[in-house]
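# Structural characterization, general
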Amino acid sequence: AASRTTSEVLPMTRAAVLATLVAAAGCAAAPPPPTKPTPYRSMGDLLAASKPEDWRPLRLEDAVVLELPAGRVVLELAPAFAPRHAANVKALVKGGYLDGLAILRSQDNFVVQWGDPDGDDEQKARPFPPGAEKHLPAEFTRPAGGLPFHRLPDPDGWAPEAGFVDGLAAARDPASGEAWLAHCYGAVGAGRGEAADSSNGAELYVVIGHAPRQLDRNITVVGRVVEGMELLAVVPRGPAPMGFFEKPEQRVPIRRARLAADLPDAERPRLDVLRTDTPLFDAILEARRNRRDGWYKRPAGHLDLCLAPLPVRPAPIPVRVSP
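As the structure is a computational prediction, the values presented were derived from the model and not from experiment.

A separate point is the pattern of salt bridges. Within this structure, the stated rule accounts for 23 salt bridges. With a closest N to O distance of 2.5 Å, Asp-166 and Arg-59 form a salt bridge. Here Arg-59 lies in the loop between strand E1 (55-57) and strand E2 (63-68) and Asp-166 lies in the loop between strand E8 (161-165) and strand E9 (168-173), a separation of 107 residues in the sequence. Judged by relative accessible area, Asp-166 falls into the partly exposed class, the value being 33%. In this structure, a network of salt bridges that share partners links the residues Arg-56, Arg-59, Asp-62, Glu-76, Lys-90 and Asp-166.

Listed below in structure tokens is the structure:
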């Protein structure tokens, strides 16, 4: 009886086990349900969906407004990187030093530069206004500690690390503990002579060509252009060596320069600068690093520091509700 019971039970058990294994194998072999690919969102799509906290207002106390014959150019200074030069540029502007000066140089694929055409002649040079200094230390770099550095994951050929600080393209070296601003399109630098400490902000230039990163850590960068780059980029090129103009009438005059904070309220630039320390900015960088719209057939997989977009927009007009 015992053997019969065993012979009857074992085949049933084996069948049950076999059925279980077959069912399990069938489940494992079944393909997973299809997943929908994440739709590609362009930079325009991302910016359109941005929130107010993704932007910061232009710092009026650090903004310089230049009035050219063709329109307005707005610079935002970077006192976090070049405090002495930024303060001196403000003093020069407040004292009217730039009023009536001109763009003296426009070199193709490089820079436009303005200043006093008689600056090298002590007898003819325009005097500095009170509060402006003629001699400043070089401010090529600053300590990296304490900076809200937002690092790019992409390698950089000019620095161990590249990234952004408060809307500015920057780089740093962990070994030396230094950080500096990069010479990207629109960067504003202080022209100098042979000596490292020979700049004072009286002559400024703006990068209008391919990023001359070889200048990094060799010249003090004081900020960047946030409005009006198109006016500087189309200045006719100077015919003399290095793009200098040969005749006074070829120069582009600076009619007036003012700090934005000193302008009447109606004349102040109302601009928002995209923050570079947010998930939105990371998404924008990825959209530019690996573009997947129909035209692109192969994503680049890399983003250069100076090709990263740093958007600026007109500040939304606040809605006032009548009582």
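After that view of the structure, there is still more to cover.
A few words on the nonpolar core. In terms of nonpolar packing, the biggest core is built from 37 residues, with Leu-66, Ile-103, Trp-114 and Leu-232 touching the most fellow members. Apart from the residues lying within four places of it in its own chain, the contact partners of Leu-66 are Gly-71, Arg-72, Val-73, Leu-75, Leu-98, Trp-114, Ile-254, Arg-256 and Ala-257. Counting residues in hydrophobic clusters, the runner-up holds 19 residues, among them Ala-182, Leu-280, Leu-303 and Ala-308.

Helix length check: helix H3 (residues 83-94), at 12 residues, gives a terminal C-alpha distance of 16 Å against a target of 16 Å (1.5 Å per residue), a fit within 8%. Those residues of H3 that sit buried are His-85, Ala-86, Asn-88, Val-89, Ala-91, Leu-92 and Val-93. Along its buried surface, H3 packs onto E2, strand E3 (71-77), strand E11 (187-190), strand E12 (204-207), strand E13 (221-227) and strand E15 (256-259). At the C-terminal side of H3, Gly-96 shows a positive phi close to 75°.

Our focus in this paragraph is the pairing of strand E10 (residues 178-181). Pairing of strand E6 (residues 142-143) with E10, which is carried by two bridges, proceeds in the antiparallel orientation. Its bridge partner lying in E10, Arg-142 is registered against Ala-179. Pairing geometry for E9 and E10, over four bridges, is antiparallel. Across the sheet, residue Arg-172 finds its bridge partner in E10, namely Ala-179.

So, about the layout of surface pockets. By volume, the largest pocket is sized at about 1,000 Å³. In terms of lining, the largest pocket is formed by 36 residues, of which the most central are Gly-119, Asp-120, Gly-191, Ser-198 and Glu-203. Among the elements of the structure, strand E4 (102-106) and strand E5 (111-115) are those that each provide at least two residues to the lining of the largest pocket. Within the lining of the largest pocket, the residues separate by chemical class into 16 nonpolar, nine polar and 11 charged. Each pocket or cavity is described by its volume, and for the second largest pocket that value is around 520 Å³. Residue assignment for the lining of the second largest pocket shows that the elements contributing at least two residues are E9, E13 and helix H4 (229-233). Take the lining of the second largest pocket: its biggest share by element is six residues, from E13. Looking at the lining of the second largest pocket, its residues break down into 21 nonpolar, three polar and four charged.

We now examine the state of the cysteines. Inspection of every chain in the model, using the stated rule, returns one disulfide. A sulfur-sulfur separation of 2.0 Å characterises the disulfide bridge that pairs Cys-184 with Cys-306. In this structure, the disulfide formed by Cys-184 and Cys-306 twists by about -75° around the S-S bond and is classed as left-handed. Residue Cys-184 is located in the loop between E10 and E11, and its partner Cys-306 is located in the loop between helix H5 (279-289) and strand E17 (312-314); the two are separated by 122 residues in the primary sequence. Cys-306 shares its class with Cys-184; the two are buried.

All right, on to the side chain of Glu-76 then. Within the secondary structure layout, Glu-76 lies in strand E3. Using a relative accessible area of 5% as the deciding quantity, one classes Glu-76 as buried. A distance of 3.0 Å separates polar atoms of two side chains, one belonging to Glu-76 and the other to Arg-56.

Procedures and definitions
- Residues numbered from 1 in each chain as written.
- Predicted model: local features only at pLDDT ≥ 70, side-chain atom pairs only at ≥ 80, totals over all residues.
- Heavy atoms only, no water.
- Salt bridge = Lys/Arg side-chain N within 4 Å of Asp/Glu carboxyl O.
- Helix = DSSP H or I, 4+ residues; strand = E, 2+ residues; numbered from the N terminus.
- Buried < 20%, exposed > 50% of the residue type's maximum accessible area, 1.4 Å probe, protein only.
- Core = buried A, V, L, I, M, F, W, Y, C linked by side-chain atoms within 4.5 Å.
- Contact = heavy atoms within 4.5 Å.
- Expected span 1.5 Å × (residues − 1).
- Pairing = 2+ DSSP bridges.
- 1 Å grid on protein atoms, 1.4 Å probe; cavity = no way out; pocket = protein on both sides within 12 Å on 5 of 7 lines; lining within 4 Å.
- Points joined across faces, edges and corners; volume = space filled by probe spheres on them.
- Nonpolar A, V, L, I, M, F, W, Y, C, P; charged D, E, K, R; others polar.
- Disulfide = S-S within 2.5 Å.
- Polar contact = N/O pair within 3.5 Å; in protein donor to acceptor, adjacent residues only side chain to side chain.

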